[in-house]
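# Descriptive structure summary
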Amino acid sequence: MSRPNPHQGFVAPTMSRREFVRLTALATGVAALAACAPAPAAAPTEAPAATTAPAAGGQAGSLTLWSWEGMTDGLSTQVAKFNEKYPDVKFETQFYGYDDVHTNLLNAIVAGTGAPDLVVFDTFHLSEYADGLADLTTEVSPIADQFIKPSTAVTSLKGKHYGLPTDLQPIGLYYRNDLWEKAGLKETDFETWPDLAGLSSKYDAAVGGQGHLFLVSSNDAALFEILAIEAGFRGYYFNDDDTKVIVDDPKMVEAITEMKALWDAKGTLQNPQGGYAGDESTALFKKDQLATQLVGAAWLPHSYPNSMPELAGKWRITKSPAIVKGGLRGGFQYPSMFAIPSQSKMKEQAWYLLFLATTGDGARAFRDKSKVLCPFKEVYDETLHQPEDYFGGQKIYEVFADISKDLPDIFYGTGFSEAQLIVSSHLAGIMTGETTPADGLAAAAKEMRSKLNKG
Amino acid sequence: MTSAAESLSASRAAVRRRDRWWRTVSPYVFISPFYITFLIFGLLPIGFSLVVSLTNWRGTARPQFIGLQNYATLLQDPGLPKALLNTVYVWIGSVPTMIFLALIFAVILNSRLVRGRNAFRTVYFLPQVTSLVITGLVFGQLFSTSFGLVNTVLVAVGGNAINWLADPRFMKAVLVMALVWRWVGNDMVIMLAGLNSIPGDIYEAAIVDGASGVQSFFFITVPLMRPVILFDFVITTIGIFGLFAEPFVLFGPGGGVKQAGLVTGTLIYQYSFQLFKFGYGAAVAWVVGVIIIFFSMLQLRLGNREAT
């Protein structure tokens, strides 16, 4: 039995739906393939042999940089000098948010097109981008010794240099000198983390419970990373050749047990909102309710005077505690770096600008503006004995230099970001007592090995 | 003469064939933009994501086919059950509340007794057009531990400050509040459209029969709105499983303390665009997609069964 045709009188199509769909798919497929086909004049995949002293003149055009705000303060002072050598090259900076620079760069590398000629990113992302970056080993190797270690170690991967660093990020301990003095504490009162945990209850008693010596965050791997470096793991979560996960190593279990003791110490502020830096901790510092920053990265002298100008003169910096007496004191965070995507058709010019931005006057201008620790030796040496008003005239760069000199050659292995997230998610259970440090770290290691395919 | 006639006849036959061909093809030509667009921006990416989920593609290096390894790893990934459970909590907390409030607001704003109905409708819909980032920031400020308005009020009335954004017990509650605030206006508009399709004489007949306002609501409005409510229920459920912006802004891609704010949308983002594990991210997306389809079909089936 057939159903009545609601479209009687209409000429029934003789092309079946299946045929139509097949034809449409074919047409779309052809169009898609045509769109995906490489352009006849595709960008070269290999970097040309740029030199550290490129010839004057040459290619005209536009040279584009991707950056987030604040990272181009040194470079912008060097554009005139750059244009003396390359008068026909127009320089343009495109600013994006911090996350967007990293995501857009990967998208451009994946797409094989659209990357800038020069880019700034944080060094722990290097392993993710390396396949899409120009190998600058020939250019960087001759000048690598002009940079303080381990800065060029973190801008290289598997023996190849991919750019130059903008800053050096040793980690110390920042403390409010006024609050410490009021509580009768001195920086010489501690050498190890257990010593510091002991000071927490002393501080709590001195202020009558109206404040905290420090805060410990349960979902932030920053403190874990300091402890990993101090425990001798220069790859943070991985062994020296980046093949094995080390987070369940007995040394790390011991270190995290000390972190748990910090968390449990009387008077510790347990995780106001996750993380060590942000609006919450800033508010607490301003209200004199928090006296110490445990994760005192070297970029904080840039941000603290802006976010807490009223605390000028009250801060001091010292070395982080060690896991054991006489042990290494201090960690290392993630400097930023300039690099050149291999898609760039102006690698020679981009290298010259990169070189100007990270050395000499470019590095000097960036240091002056940002107050970060400059990895270029010449500028580093100039800064070393400079007193900083915000830190009560303390020569803070001497402290950072003291921390840096003991640091090993740091590296960020493959899967660094994921390892960081995994550890963060397991730390919370350890800190709140749901699991022991040994079991929690074993679970984190198991998850890491499964997801990162490491031993 | 014969040859001219034959030629003319052949020409007419050709024109007829062309006309017939065009009549046959033209409907497909007119609807083809949709299909071509759907193919390029819908089916191709879906198919591509399935292929990607079987590889270890990380963006830069050439992807390698690894079969079902991503799915096998996913079975042991504590992040997925956590994200699914969190999403279900948020779904339970937000969807019934949202739909109930939307229906109530729609009924009130559909009443002729309310003055300035259009102004109220606009006000309720405003959160929908507010930037998601601003929504996240405002809620972040409101529920801040140290300087948030909510805690300030709590402390002023003798309570204790609550760590809303870092205490796993309260994080999802903040997320639910943000979602209800943002989406109730959108659902209300859908409900209003449904209410307008109910003939007014049914209510008049009910009044004549002596039904109260509450009785009319439960015995006329709710039953006749069942298809609209079901539709809203399904699309809101799909929306919750695809939720991303609010938890991302409030708790970050990692989901905050103990991943209490991690939902399926942020989990997919985290793997794909923060860790650049496109293969693994695609596998998570497929698993979540299958779950969404299952729940949507279940809802539709249950809803239709109740309706019949």
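Keep in mind that this is a model prediction, so the values were computed, not measured.

Check the secondary structure of chain B and you find 13 helices and 0 strands. Along its sequence from the N terminus, chain B presents helices and strands in the succession α-α-α-α-α-α-α-α-α-α-α-α-α. Seen through its principal axes, chain B has C-alpha atoms that stretch 110 × 70 × 35 Å. Going through the 308 residues of chain B one by one, you find that 32% of them count as buried. Long-range contacts, defined here as pairs at least 24 residues apart, represent 68% of the contacts in chain B between residues at least 6 apart.

What follows concerns the confidence of the model for chain B. Confidence in the prediction of chain B, expressed as mean pLDDT, is 88, and 98% of residues score 70 or more. Interface confidence for the predicted complex, expressed as ipTM, amounts to 0.71; the pTM equals 0.78.

This paragraph deals with the domain arrangement of chain B. Annotation of chain B at the domain level lists domain 1 (1-52) and domain 2 (72-307). Each of domain 1 of chain B and domain 2 of chain B was reduced to a C-alpha centroid, and the two centroids are 45 Å apart.

Residues and elements named next belong to chain A. For chain A, the assigned domains are domain 1 (61-168 + 335-375) and domain 2 (170-333 + 389-452). Relative placement of domain 1 and domain 2: their C-alpha centres are 29 Å apart. Listed per partner, the contact involves 15 residues of domain 1 and 17 residues of domain 2. Where the side of domain 1 that touches domain 2 is concerned, the elements lending two or more residues are helix H4 (126-129) and helix H6 (151-154).

Within the largest apolar cluster, 186 residues are counted, with the highest numbers of intra-cluster contacts made by Leu 227, Tyr 237, Val 247, Leu 353 and Leu 354 of chain A. Broken down by element, the residue count for this core peaks at 11 residues, all from helix H3 (residues 79-110) of chain B. In contact with Tyr 237 of chain A, not counting residues within four places along its chain, are Ala 228, Val 245, Ile 246, Val 247, Phe 416, Ala 419, Val 423 and Met 448 of chain A.

Residue and element names in this part refer to chain A. Cis geometry marks the peptide bond from Lys 149 to Pro 150, where omega comes out at 5°. For Pro 150, the position within the fold is in the loop between helix H5 (137-140) and H6. A positive phi angle, near 55°, is found at Asn 453, a position not held by glycine. Its place among the elements puts Asn 453 in the segment after helix H18 (437-452).

Given a rise of 1.5 Å per residue, 32 residues ought to cover 46 Å, and the 44 Å separating the end C-alpha atoms of H3 of chain B matches this to within 8%. The principal kink in H3 of chain B, of about 30°, is found at Trp 91 of chain B.

Residue and element names in this part refer to chain A. Residues Ser 336 and Phe 338 line one face of strand S13 (residues 336-339) and the alternating positions Met 337 and Ala 339 line the opposite face, and both faces are buried. Note that strand S3 (residues 118-122) and S13 share 4 bridges and pair antiparallel. Bridge pairing in S13 links Phe 121 to Met 337.

Let us now look at the sheet that holds strand S1 (residues 61-67) of chain A. Residue and element names in this part refer to chain A. Strand order in the open sheet formed by 5 strands is S2-S1-S3-S13-S6, and the pairing between neighbours is mixed. Looking along the sheet, the strands with just one partner apiece sit at the ends: strand S2 (89-95) and strand S6 (163-165). On average, adjacent strands in this sheet sit at an angle of 20° to one another, irrespective of strand direction. Of the pairings in the sheet, the one linking S1 to S3 comprises 2 bridges and is parallel in character. Each residue of the ladder has a partner; that of Trp 66, found in S3, is Val 119. Strands in contact with helix H3 (residues 98-111) are S1 and S3; relative to S3, the strand with the most contacts, it is inclined by about 120°. Sheet strands touched by helix H13 (residues 347-358): S1, S2, S3, S6 and S13. Its angle to S6, the strand with the most contacts, is close to 15°.

Turning to the confidence of the model for chain A, a few remarks are in order. Residue and element names in this part refer to chain A. A residue-level look at chain A finds 86% of positions with pLDDT of 70 or above and a mean pLDDT of 86. Across residues 1-21 the pLDDT falls below 50, and counting only partners more than four positions away or on other chains, this stretch makes 9 contacts in the model. Between residues 23-57, whose pLDDT stays under 50, and residues either more than four places distant or in other chains, the model counts 33 contacts.

Looking now at the interface of chain A and chain B. Across the boundary between the two partners, chain A contributes 36 residues, which contact 33 residues of chain B. For the side of chain A that touches chain B, the secondary-structure elements that each account for two or more residues are helix H1 (17-36), H3, H4, helix H11 (279-286), helix H17 (416-431) and H18 of chain A. It is H17 of chain A that provides the largest number of residues to the side of chain A that touches chain B, a total of 6 residues. The residue inventory of the side of chain A that touches chain B, partitioned by class, reads 15 nonpolar, 14 polar and 7 charged.

Rules used in this analysis
- Throughout, a residue's number is its position along its own chain's written sequence, starting from 1.
- Labels follow written order: the first chain is A, the first ligand is 1, and so on.
- Given that the model is predicted, a residue must reach a pLDDT of at least 70 before its local features are reported, and side-chain atom pairs must reach 80 or more before they are shown or counted; all residues, however, enter totals for whole chains, interfaces and linings.
- Numbering goes from the N terminus for both helices and strands, where a helix is a DSSP run of H or I of at least four residues and a strand is a run of E of at least two.
- Counting other C-beta atoms within 10 Å of a residue's C-beta gives its exposure: the residue is buried at 20 or more, exposed at 12 or fewer, and partly exposed in between, where C-beta atoms are placed from the backbone.
- Our contact criterion uses C-beta atoms placed from the backbone: two residues qualify when those atoms are within 7 Å.
- A residue's pLDDT is the predictor's confidence in that residue, given on a scale from 0 to 100.
- Domain ranges listed in this record stem from an automatic or a database domain assignment.
- For our purposes the nonpolar core covers buried Ala, Val, Leu, Ile, Met, Phe, Trp, Tyr and Cys residues that link as a set through C-beta atoms within 7 Å.
- Here, expected helix span is obtained from the residue count minus one, scaled by 1.5 Å.
- We define the bend at any residue as the angle between the axes fitted to the seven residues before and including it, ending there, and the seven starting there.
- For two strands to be treated as a pair, DSSP must find no fewer than two bridges joining them.
- In this analysis, axes come from line fits to C-alpha atoms, helices being fitted only over the stretch in contact, and the angle between any two N-to-C directions falls in the range 0 to 180 degrees.
- Residue polarity is assigned by list, with Asp, Glu, Lys and Arg as charged and Ala, Val, Leu, Ile, Met, Phe, Trp, Tyr, Cys and Pro as nonpolar; anything else, Gly included, falls into the polar class.

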